[in-house]
Amino acid sequence: MAKYSPIESEFETPEQEAAYDVWFRAKVEAAMASKEPGIPHDEAMARMQAILDRRKTA
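Residues numbered from 1 in each chain as written. Predicted model: local features only at pLDDT ≥ 70, side-chain atom pairs only at ≥ 80, totals over all residues. Heavy atoms only, no water.

Enquirer: So what's going on with the overall build of the chain? Residues and values would help.
Expert: Scanning the chain from terminus to terminus reveals two helices and zero strands. Residues counted as buried form 3% of the 58 residues belonging to the chain. For the chain, the exposed area adds up to about 5600 Å²; of that, 59% sits on carbon and sulfur atoms. (Helix = DSSP H or I, 4+ residues; strand = E, 2+ residues; numbered from the N terminus. Buried < 20%, exposed > 50% of the residue type's maximum accessible area, 1.4 Å probe, protein only. Areas by Shrake-Rupley, 256 points an atom, 1.4 Å probe, with all protein chains shown as cover.)

Enquirer: Describe the packing of aromatic side chains, and please don't skip the residues or the numbers.
Expert: Here the structure, examined in full by the defined rule, presents three aromatic pairs. Plain terms: the ring middles of Phe 11 and Tyr 20 are 5.4 Å apart, the flat faces sit at 40° to each other, and that makes the pair tilted. By relative accessible area, which is 38% here, Tyr 20 ends up partly exposed. With a centroid separation of 5.9 Å and 20° between ring planes, the pair formed by Tyr 20 and Phe 24 is classed as stacked. With Tyr 20 and Phe 24 both in helix 1 (residues 14-33), this residue pair falls four residues apart, about one helical turn. (Phe/Tyr/Trp six-rings, centres within 6.5 Å; stacked < 30°, edge-to-face > 60°.)

Enquirer: Talk me through the pattern of salt bridges; I want residue IDs and the actual numbers.
Expert: The full count for this structure, using the stated rule, is two salt bridges. Measuring nitrogen to oxygen at the nearest pair gives 2.9 Å for the salt bridge that ties Asp 21 to Arg 25. Here Asp 21 pairs with Arg 25, and both are found in helix 1, just four residues apart, close to one helical turn. Here Glu 43 makes a salt bridge to Arg 47, at a shortest N to O gap of 2.6 Å. With Glu 43 and Arg 47 both in helix 2 (residues 41-57), this residue pair falls four residues apart, about one helical turn. Classification of Glu 43 by relative accessible area gives partly exposed; the value is 35%. (Salt bridge = Lys/Arg side-chain N within 4 Å of Asp/Glu carboxyl O.)

Enquirer: Would you mind going over a nonpolar patch on the surface in detail, with residue names and values included?
Expert: A cluster of nonpolar side chains, Tyr 20, Trp 23, Phe 24, Val 28 and Met 32, forms an exposed patch at the surface whose accessible area comes to about 550 Å². We classify Val 28 as partly exposed; its relative accessible area is 34%. (Patch = residues over 30% accessible without salt bridge, like charges linked within 9 Å, V, L, I, M, F, W, Y side chains within 5 Å.)

As structure tokens, then:
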């Protein structure tokens, strides 16, 4: 694997990038296989807006 500049990749080494890719794909697969009910879009956006608002005041 080629070494990328920070502009092309946030990882310092190809190994770090590959490890993150494996971790991320496992998280996505687990979420897709989950039987937990999803969060409605409006509720998810409201939660994110609350986080952003708290950070603005911090």
